[in-house]
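# Summary of structural features
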Amino acid sequence: MQVLKKIWVLMLVILVTLPLNANAEDSDPILIKAHATAYCLPGKTASGTEVREGICAMSDPNLIGMTAVVYQRMPDGSIGSYIGTYEIEDTGCSDNVIDVWCTEEDCQGFMDKVYENGCKGKVYVQLVNAKG
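These lines cover the structure that appears in this document, whether it is placed above or below. Computed from a prediction, not measured in an experiment: that's the story for all the values here.

### Details of the overall build of the protein chain
Of regular secondary structure, the protein chain possesses two helices and six strands. When the elements of the protein chain are put in sequence order from the N terminus, they spell out α-β-β-β-β-β-α-β. With 132 residues in all, the protein chain has 40% of them scored as buried. Summed over all atoms, the accessible surface of the protein chain reaches about 7600 Å², with 57% contributed by carbon and sulfur.

### Digging into the packing of aromatic side chains
Taken as a whole and assessed by the stated rule, the structure comprises two aromatic pairs. Between Tyr86 and Phe110, the aromatic rings sit 6.3 Å apart at their centres with planes inclined by 85°, giving edge-to-face as the arrangement. Within this pair, whereas Tyr86 is found in strand β4 (residues 79-90), its partner Phe110 is found in helix α2 (residues 104-115), the two being separated by 24 residues in sequence. Both residues of the pair, Tyr86 and Phe110, count as buried. Stacked on the ring of Tyr124, the Lys or Arg Arg73 has its end atom at 5.8 Å from the ring centre.

### Topic: α2
Across its 12 residues, α2 extends 18 Å between first and last C-alpha, which sits within 8% of the 16 Å expected from 1.5 Å per residue. The inward-facing, buried residues of α2 contact β1 (30-39), β4, β5 (97-101) and β6 (122-128). Residue Asn117 follows α2 closely and has a positive phi angle near 60°.

### Brief notes about a negative patch on the surface
A cluster of acidic residues, Glu53, Glu104, Glu105 and Asp106, forms a negative patch at the surface. Mapped onto the secondary structure, Glu105 falls in helix α2. Its relative accessible area of 65% is what places Glu105 among the exposed residues.

### Quick notes on the sheet that holds β1
Around the barrel, which closes on itself, the six strands sit in the order β1-β5-β2-β4-β3-β6 with mixed pairing between neighbours. For this sheet the average axis-to-axis angle between neighbouring strands, irrespective of direction, equals 50°. With six bridges connecting them, strand β3 (residues 67-73) and β4 associate as antiparallel partners. Each residue of the ladder has a partner; that of Val70, found in β4, is Gly84. In the packing of α2 onto the sheet, the strands contacted are β1, β3, β4, β5 and β6, and the crossing angle to β1 comes to about 145°.

### A look at the pattern of salt bridges
Taken as a whole and judged by the stated rule, the model has three salt bridges. Notably, a salt bridge pairs Arg52 with Glu89, separated by 2.9 Å at the nearest N-O pair. Here Arg52 is found in the loop between β1 and β2 (55-57), whereas its partner Glu89 is found in strand β4, with 37 residues between them in sequence. With a relative accessible area of 10%, Glu89 lands in the buried category. When salt bridges that share partners are traced, they join Arg52, Glu87 and Glu89 into one network.

Parameters at a glance
Residues numbered from 1 in each chain as written. Predicted model: local features only at pLDDT ≥ 70, side-chain atom pairs only at ≥ 80, totals over all residues. Heavy atoms only, no water. Helix = DSSP H or I, 4+ residues; strand = E, 2+ residues; numbered from the N terminus. Buried < 20%, exposed > 50% of the residue type's maximum accessible area, 1.4 Å probe, protein only. Areas by Shrake-Rupley, 256 points an atom, 1.4 Å probe, with all protein chains shown as cover. Phe/Tyr/Trp six-rings, centres within 6.5 Å; stacked < 30°, edge-to-face > 60°. Lys NZ or Arg CZ within 6 Å of the ring centre and 35° of its normal. Expected span 1.5 Å × (residues − 1). Contact = heavy atoms within 4.5 Å. Patch = residues over 30% accessible without salt bridge, like charges linked within 9 Å, V, L, I, M, F, W, Y side chains within 5 Å. Salt bridge = Lys/Arg side-chain N within 4 Å of Asp/Glu carboxyl O. Lys, Arg positive; Asp, Glu negative; His and termini not counted. Charge placed at Lys NZ, Arg CZ, Asp CG, Glu CD. Pairing = 2+ DSSP bridges. Axes fitted to C-alpha atoms, helices over the stretch in contact; angles between N-to-C directions.

What follows is the structure, given as structure tokens:
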């Protein structure tokens with residue numbers, strides 16, 4: 001069952017990233033180790049848009065406009081469950097942190113996902129160049 005789940009996640013990654021990479025040069029996805037957090041404060045992002053579901057913050061302003069595909073980082077270092085896909089529109093967090101915007105009601109659910117299976121908030125973030 002675990003093998004089928006991992007195959008399904010891999011197929012999902014390919015399906016999610018393939019359309020984004022089809023017309024972009026230098027668009028090889030980058031996989032980084034990170035720690036996931038969530039925020040729910042209202043306001044504007046570093047890119048000037050209003051915060052909303054489906055966005056996240058990372059420390060490097062050069063990442064604004066990219067897409068982050070997030071997976072659990074299992075205690076043994078393997079890729080775990082798919083957590084979500086987010087547009088990087090904000091900054092303001094520490095290096096190697098992805099801060100996902102959620103409604104106040106959904107913050108705990110997001111944190112439960114990144115802490116389940118012994119992951120302790122550790123994730124892999126696949127950066128996909130979605131810039132035109």
